[in-house]
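Chain residues, written in single-letter form:
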Amino acid sequence: MNFQPLQQSLVYLIGSTIAAFLWAPLLTKFLYKYNITRRGEFDPTLQGERRHKAGTPTMGGLLVIVTVTVITVLFNWQRRYTYVPIGAMGIAALLGAADDLLNIFGTKRRLRNVRHTIILMKVHKRWYMKLWYALTIPWIGFRDLVSMFGSKQGRGIQVHEKLLLQFGAGAVTAWWVYVKLGASWQTINFPFDGSLYLGWFIIPVIIFFVMFTANAVNVADGMDGLAGGSLIAAFLGLTVVSWVEGRTAFAPLNATVVGALLAYTYFNVKPARFQMGDVGSLGLGTLLAINAIALNKTLLIPFFGFIFYVEIFSVILQVLSRRLFGRRLFKMSPLHHHFEIMGWNEEKVVMRFWIIQAFMVMVGVWLALN
Amino acid sequence: MLSPKAEQVIHDYLNLPFKGIPGARAPYFNNARQRERGQLRVLVGKGTPQEIVEEAKIISIQYHAGLFDKQGDCCLHNAHTGKPVTPDDLRRFLIDHSLGIECSGFVTQVLRAHYRETKGFDFVKKITATPRAEIVRRLIAWLRPVENINVATYANDENSTLVRGYEEIKPGDLVIMLKTGPRQEHDHILLITDVQGKTIHYAQARAWSREGKYDHGVARGTISITHPTESLLKQDWQELGYNGDGNETYIEAKQANTLCIKRLRLNT
C-alpha cells in the first residue's frame, strides 16, 4: 500500500490545525469587536439554562471555511478536483454568512402572503404594480408552502430563499460532476460491487444530496461541540476512503477540513468560545456531500453524515406528525433537544451523538471499501 | 354515571396531573381568536389533560426554566420569585401560553374515554364531522378527528337525536347551545355526567366573564328539574354557588338561538 498520500494528508491535517489555532484568537476578537454574537432578545430559546449562550460569538465556522479555502487554494494544486468543492462550499458559506449577519443586524421583515398579494393586485392603481404582483404570486405561494413546514422567521434569509440559493450550489456541483468529472460519475456505486447507471438523472440526485446534507448539518448545529465533533468523524472517514482509493486530491482536502475542525471544536466545546453559525454549517454540509459524491460514494452520505441525517429526519417527522396528526412525535426536534428535555445534560447528548456518529462513519468506511 | 375512565378524565381536567402539585384546574382556551391552523391539538384547545401537562413542561423548559426541573417534576421552586409554586401560578402559566381546553374538545376527550371503556371503540372515528362531498375536509377529519369535532358536529342530526323528556336523560347526553353569547356568534356544549333523581349533573369547559383572565376553566354544575313540564330555561341551574341570572352558563343558555338536549346515536 502507498503511504505517501497518507503522509501528505497528515501534513495538511497538522498544518491546518496549527493554522486554525493560530488565527482563532484573531477571529474571536473580530467577532467580539463587531458584536457578532447571539442575541437573547431575538432568540427566545436563550433563556433559563441556556441564558449563558447569549453573547457568545457566532460565525465561528469561518475558522474552518477560511482555513480550508486558503490552504487548499495555496497548496493543493489539483484544481481540477478542488476548485468546485471549494467554490460550492464558498457559495453555501456566503449564504450562511448573510443569514447570520441579517439575523443579528437585520430588521424584522414584513412578508405578505398570497391572499394579501391578490388583494393588492386588484386594488393597485398602477398597471405595472399589478403585473409585478401577478408575476410574484408563484414565488409567494412557494414561500407560503415552505413556511407551513418550517418555523416562522422574522429576520434573516427566509427558508424559501435559502432553498433557492442552495439549489444553486447543488446545481454547480451537479454540472461539475456531470460535465467535468467524466462518464464514470454518471454511475452510482453500491457497496459490494453494485452499480447503477443514471446518466443525466445523476444531476437531480446530486442537487438533492447537496441541499439535504447542507440543511442536515445546519439543523444539527444546536449544541456546543455537536456539529464540530460529528464533522471531524465524517471528514476523517472520507480522508481514509480517499487515501485507500488513491484519490490524491481529495485525501488532502478532507484532511485539511479535519485539521481545521479540530481547532474549531477545541474552542466550540461547552462552554463555547464561539459557535459555528450558518456560515459554517451550510458550508461544511455542502462540502461533506460534494466530497462524498466526488469519491463516487453518494449513497454512503447517510453513513458519513449519520447524526446529521438522523437530526434532519427527526425534524421532518416532527413537522409531519404535528401538521398531519396534531401530535408531537418527539418532545422537541431536532432530536438533541428531545434528549435535553428528557433531562440529559448537553455534554451527555453531545458525547453520545459523537460516539454514534464515529461508529456509523466506521460502518460507512467499511462499506465504501467493499 | 359515566364510565370510571371518563370520570377520571374529568377529574384530571379539574386537577391537572402535575406531579407534586394537585388542584390546578384546566383553563378554558378557544382557538377562535388565535386561529392557529395545522397546530398541535393541545395548542388549539383540544388536548387531553396529559397533553396539556406535557406541553406546559416543554414550554417551561424551552423558554422559562424554573417552573419544572430537568426531570419535568413540577414546581419544586419558582426560580423567578423563590416562592413555592401554587396551582394558581400554574394556571397563569397555562393561560399565558394559550394552553387549555375548549367546550367541545373537553366533551370529545371525556366521551372518547367513555366509549372506549364501555363499547370498546374510538367514537371519534364513527362520528360524521364533515359533509361527505368534501373529500379534502374528510381526509383532514380522518387524520385529525378530535380537532374537527365541534359543537355543530354534535348537534348534527346525523350524529345525534333529540332527547324529548327529562326522564329520558342519561349520562353521556349533551346540552347544546347554538348561536349563543351576547352577539349570538358562538356555540356551546355541556356534557351530562350523571342523573340523580331530578338533578342533572353536568361538566363543561367555559369562561365566565366574572372570572376574569385567570379564573376560568373546566367546571361542574347541576340542573334541578323543578318544573318537569317546562323548558330547560325554567329549571334551576346551579354552578359554583350561583343560580338564576348569576349563573353565566344559564345566561348563555338563555341567549342561545337553539337550546336542546341531544344524545349521540352511538349512545342509543
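Sequence order as written defines residue numbering, which begins from 1 separately in each chain. Chain letters and ligand numbers both follow the written order, the letters beginning at A and the numbers at 1. Thresholds applied to this predicted model are a pLDDT of at least 70 for local features of residues and 80 or more for the giving and counting of side-chain atom pairs; totals over whole chains, interfaces and linings are not thresholded and use all residues.

Right, let's get into the overall build of chain A. Here a strand is any run of E in DSSP of at least two residues, a helix any run of H or I of at least four, and the numbering for each starts at the N terminus. A count of helices and strands for chain A gives 14 helices and two strands. As a reference, a globule follows 2.2 Å times the number of residues to the power 0.38, and the radius of gyration itself is taken over C-alpha atoms. The globule rule puts the C-alpha radius of gyration for 370 residues at 21 Å, and the 21 Å found for chain A is close to it. With respect to the three principal axes, the spread of C-alpha positions in chain A is 75 × 50 × 40 Å. In this scheme every C-beta is placed from the backbone, and a residue whose C-beta has 20 or more other C-beta atoms within 10 Å is buried, one with 12 or fewer is exposed, and one in between is partly exposed. For chain A, the proportion of its 370 residues judged to be buried stands at 45%. The contacts of chain A with a sequence gap of at least 6 include a subset with a gap of at least 24, amounting to 75%. The contact criterion used is a C-beta to C-beta distance within 7 Å, with each C-beta placed from the backbone.

The secondary structure content of chain B amounts to seven helices and eight strands. A principal-axis box enclosing the C-alpha atoms of chain B has dimensions of 60 × 45 × 35 Å. The burial tally for chain B puts 43% of its 268 residues in the buried class. By sequence separation, contacts in chain B at least 24 residues apart represent 59% of the contacts at least 6 residues apart.

This part is about the domain arrangement of chain A. An automatic or database domain assignment supplies the residue ranges for each domain. Each assigned domain of chain A is listed with its residue range as follows: domain 1 (4-106 + 160-368) and domain 2 (110-153). The distance between the C-alpha centroids of domain 1 of chain A and domain 2 of chain A comes to 34 Å.

This part covers the sheet that holds strand β7 (residues 242-243) of chain B. All names here are of chain B. Taking strand neighbours across the sheet as the criterion, the eight strands line up as β1-β8-β2-β3-β4-β5-β6-β7 in an open arrangement whose pairing is antiparallel. Of all strands in the sheet, those bounded by a partner on one side alone are β1 (160-162) and β7. Pairing between two strands requires that DSSP report at least two bridges joining them. The pairing of strand β2 (residues 174-180) with strand β3 (residues 186-196) spans five bridges and is classified as antiparallel. Looking across to β3, one finds that Val175 is bridged to Leu190. Where helix α4 (residues 103-118) meets the sheet, its contacts fall on β2, β3, β4 (199-206) and β5 (217-224), and the angle it forms with β3 comes to roughly 35°. Note on definitions: angles span 0 to 180 degrees between N-to-C directions of axes, and those axes are lines fitted to C-alpha atoms, for helices only across the stretch in contact.

Residue and element names in this part refer to chain B. Among the eight residues of β4, six are classified as buried, and the element is accordingly described as predominantly covered. Where β3 hands over to β4, the hairpin turn is made up of two residues, of which Gly197 adopts a positive phi near 60°. Relative to β5, β4 is paired through eight bridges, and the arrangement is antiparallel. Within β5, the position partnered with Arg206 by the bridge is Gly217.

Our next topic: the confidence of the model for chain B. Every residue carries a pLDDT, the predictor's confidence in it, which falls somewhere between 0 and 100. Predicted confidence across chain B gives a mean pLDDT of 89, with 94% of residues reaching 70 or more. Here the predicted complex carries an ipTM of 0.83, next to a pTM of 0.87.

In this section: helix α2 (residues 49-63) of chain B. Each residue after the first adds 1.5 Å to the expected span of a helix. For α2 of chain B, spanning 15 residues, the distance from its first C-alpha to its last is 21 Å, which sits close to the expected 21 Å at 1.5 Å a residue. Against the buried residues of α2 of chain B lie α13 (335-341) of chain A together with α1 (4-14) and α3 (87-96) of chain B.

Turning to the environment of His116 of chain A, a few remarks are in order. Residue and element names in this part refer to chain A. Take His116: it is sitting in helix α4 (residues 114-123). Its 12 C-beta neighbours within 10 Å are what place His116 among the exposed residues. As a C-alpha pair, His116 and Tyr133 span 17 residues in sequence and 10.0 Å in three-dimensional space.

Residue and element names in this part refer to chain A. The amide bond that connects Lys270 to the next residue, Pro271, takes the cis arrangement and shows omega of -10°. The topology assignment puts Pro271 in the loop between α9 (250-268) and α10 (277-294). With omega at -5°, the peptide bond leading from Ser333 into Pro334 counts as cis. For Pro334, the position within the fold is in the loop between α12 (306-325) and α13.

Attention shifts here to the environment of Ala272 of chain A. Among the secondary structure elements, Ala272 of chain A is positioned in the loop between α9 and α10. For the pair formed by Ala272 of chain A and Phe304 of chain A, sequence separation is 32 residues and the distance between their alpha carbons is 25 Å.

Between helix α1 (residues 4-33) of chain A and α9 of chain A, whose axes approach to 7 Å, the crossing angle comes to 35°. Here the hand of the crossing between α1 of chain A and α9 of chain A comes out right-handed. Helix crossings fall into two classes, left-handed where the near helix is turned counterclockwise from the far one by less than a right angle and right-handed where it is turned clockwise.

With that out of the way, let us pick up the packing of helix α3 (residues 79-105) of chain A against α10 of chain A. Geometry of a packed helix pair, given as the angle between the helix axes and the separation of the axes. All names here are of chain A. Relative to each other, α3 and α10 sit at 155°, their axes nearing to 7 Å. Relative to α10, α3 is oriented roughly antiparallel. The hand of the α3/α10 crossing is right-handed. Facing α3, whose interface residues are Tyr81, Pro85, Ala88, Met89, Ala92, Ala93, Leu95, Gly96, Ala97, Asp99 and Asp100, α10 presents Gly277, Asp278, Val279, Gly280, Ser281, Leu282, Gly283, Thr286, Leu287, Ile290, Asn291 and Ala294. Ten residues, namely Ala, Val, Leu, Ile, Met, Phe, Trp, Tyr, Cys and Pro, are considered nonpolar, four, namely Asp, Glu, Lys and Arg, are considered charged, and the remaining ones, Gly among them, are considered polar. Partitioned by chemical class, the residues of the contact of α3 with α10 number 13 nonpolar, seven polar and three charged. Our angle categories are set so that under 35 degrees counts as roughly parallel, over 145 as roughly antiparallel, 65 to 115 as roughly perpendicular, and the remainder as oblique.

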